[in-house]
Amino acid sequence: MNRLNNLINRLCPDGVVYFQLSYLADIGTGRHNTNEGLNEGEFPFFVRSQEVRRLNDYDYDEVAIITSGDGVGVGKIFHYINGKYALHQRAYRIHITDSRLNVRFLFHYMKATFFEYIQKTAVNSSVTSVRRPMLNRYPVPVPPLEVQREIVRILDSFTLLTAELTAELTAELTARKKQYEYYRDELLLRDKSISVRTIDSLCKVSAGGDAPRDFMSKVKTDEYTIPIISNGIGENALYGYTNEAKIDKPSVTVAARGTVGYTEYRDYPYVPIIRLLS
């Protein structure tokens, strides 16, 4: 950080100039729909989420940043690509055309600020889509390239370290999960004398319906604090927030669509949707 501070003090002690993104980059969309995606294919296919699918043809061959125009990934910066790729018709690619801007610098800056920016500029209280004018007007700082490169070096090193730690933790988590499953089966399934009852004789079971669209936000607000839970796994199950819970006691949820059978214990008030059983 000392090197970075020295560079800033020497090269831009009075601050930096901001430019609208449209003056620095070529912004466009793809031509594909999600249902065209393949599990295997020659080129990466970026849709409207963190998931990367595959296709056997491509739309662009360049260095670019990808963000979603709508859907679950709206306003999120998931992808940086260098090479040939295909793109969803409602995803945006941002290709730098100004030599004063480092693409990796913009990638890190957008990951830190873009979602908050569109929240402030959206017409509705909840962000449902990103429109081209919002991208065009997005303000980007352009410090000297040497400063940008040093910022990128620091942040990329942390990104690499995070990836390494994540891989190690994933391996440890997998081992612990297998250990848990072994002892669970030993404790609960081995003794055939244990009395077995049907769930409906012990619990009240209900199914989630439609999302409360007139009383919800994609992000947590002062008004909307109750999670809306779908059939997704982990963080992907969070659909948004509302103001009144349907389930207000500790419960178990079971996915009846999509990730069928996925089970999770929830000890907080929530609203189940899309056939999520509680």
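Residues numbered from 1 in each chain as written. Predicted model: local features only at pLDDT ≥ 70, side-chain atom pairs only at ≥ 80, totals over all residues. Heavy atoms only, no water.

Here's the deal with the overall build of the protein
Link 1 in the chain: Across its full length, the protein holds four helices and 15 strands.
Link 2 in the chain: Principal-axis analysis of the C-alpha atoms places the extent of the protein at approximately 75 × 45 × 45 Å.
Link 3 in the chain: Sorting the 278 residues of the protein into buried and exposed places 37% on the buried side.
Link 4 in the chain: Sequence-distant contacts in the protein: of pairs separated by 6 or more residues, those separated by 24 or more amount to 63%.
Link 5 in the chain: Working note: accessible area of the protein is about 17,300 Å², and carbon and sulfur atoms make up 52% of it.
Link 6 in the chain: Averaging the locations of the 35 positively and 33 negatively charged side chains of the protein gives two centres separated by 2 Å. (Helix = DSSP H or I, 4+ residues; strand = E, 2+ residues; numbered from the N terminus. Buried < 20%, exposed > 50% of the residue type's maximum accessible area, 1.4 Å probe, protein only. Contact = heavy atoms within 4.5 Å. Areas by Shrake-Rupley, 256 points an atom, 1.4 Å probe, with all protein chains shown as cover. Lys, Arg positive; Asp, Glu negative; His and termini not counted. Charge placed at Lys NZ, Arg CZ, Asp CG, Glu CD.)

Quick word on the packing of helix α2 (residues 103–121) against helix α4 (residues 145–188)
Link 1 in the chain: Axis separation between α2 and α4 bottoms out at 9 Å; the angle between their running directions is 60°. When the axis of α2 is compared with that of α4, the two are oblique. Both α2 and α4 take part in a crossing whose hand is left-handed. Judged by residue contacts, Arg104, Phe105 and His108 of α2 engage Gln148, Ile151, Val152, Leu155, Asp156 and Thr159 from α4.
Link 2 in the chain: Tallied by class, residues from the contact of α2 with α4 come to four nonpolar, three polar and two charged. (Axes fitted to C-alpha atoms, helices over the stretch in contact; angles between N-to-C directions. Parallel < 35°, antiparallel > 145°, perpendicular 65-115°, else oblique. Left-handed = near helix turned anticlockwise from the far one by under 90°. Nonpolar A, V, L, I, M, F, W, Y, C, P; charged D, E, K, R; others polar.)

Considerations on the sheet that holds strand β10 (residues 226–229)
Link 1 in the chain: Read from one edge to the other, the open sheet built from four strands follows the order β9-β11-β10-β14, with strand pairing classed as mixed. Both edges of this open sheet fall to β9 (216–217) and β14 (271–272), since each of them pairs with a single strand only.
Link 2 in the chain: By the bridge criterion, four bridges tie β10 to strand β11 (residues 238–242) in an arrangement that is antiparallel. Across the sheet, residue isoleucine 226 finds its bridge partner in β11, namely threonine 242. (Pairing = 2+ DSSP bridges.)

A closer look at the pattern of salt bridges
Link 1 in the chain: For the structure shown, the criterion picks out 17 salt bridges.
Link 2 in the chain: A salt bridge links glutamate 146 to arginine 3; its shortest N-O distance comes to 3.8 Å. Residue glutamate 146 is located in helix α4, and its partner arginine 3 is located in helix α1 (residues 2–11); the two are separated by 143 residues in the primary sequence.
Link 3 in the chain: For arginine 3, a relative accessible area of 45% puts it in the partly exposed group.
Link 4 in the chain: For glutamate 146, the salt bridge is made with arginine 10, and the minimal N-O distance between the two is 3.8 Å. Here glutamate 146 is found in helix α4, whereas its partner arginine 10 is found in helix α1, with 136 residues between them in sequence.
Link 5 in the chain: Accessibility expressed as a relative area gives 30% for glutamate 146, which makes it partly exposed.
Link 6 in the chain: Each of the salt bridges in this network shares a partner with another, and the network as a whole consists of Arg3, Arg10, Glu146, Glu150 and Arg153. (Salt bridge = Lys/Arg side-chain N within 4 Å of Asp/Glu carboxyl O.)

A look at the nonpolar core
Link 1 in the chain: Counting 26 residues, the largest nonpolar core has Leu21, Leu106, Met110, Phe114 and Leu135 as the members making the most contacts within it.
Link 2 in the chain: Mapped onto this core, the elements with two or more residues apiece are β2 (25–29), β7 (91–96), α2, α3 (132–136) and β8 (139–142).
Link 3 in the chain: Filtering out sequence-adjacent residues up to four positions away, phenylalanine 114 remains in contact with Thr67, Gly75, Ile77, Tyr109, Val130, Leu135 and Tyr138.
Link 4 in the chain: Core analysis: the next-biggest nonpolar cluster, separate from the first, contains seven residues, Phe46, Ile81, Leu87 and Ala91 among them. (Core = buried A, V, L, I, M, F, W, Y, C linked by side-chain atoms within 4.5 Å.)

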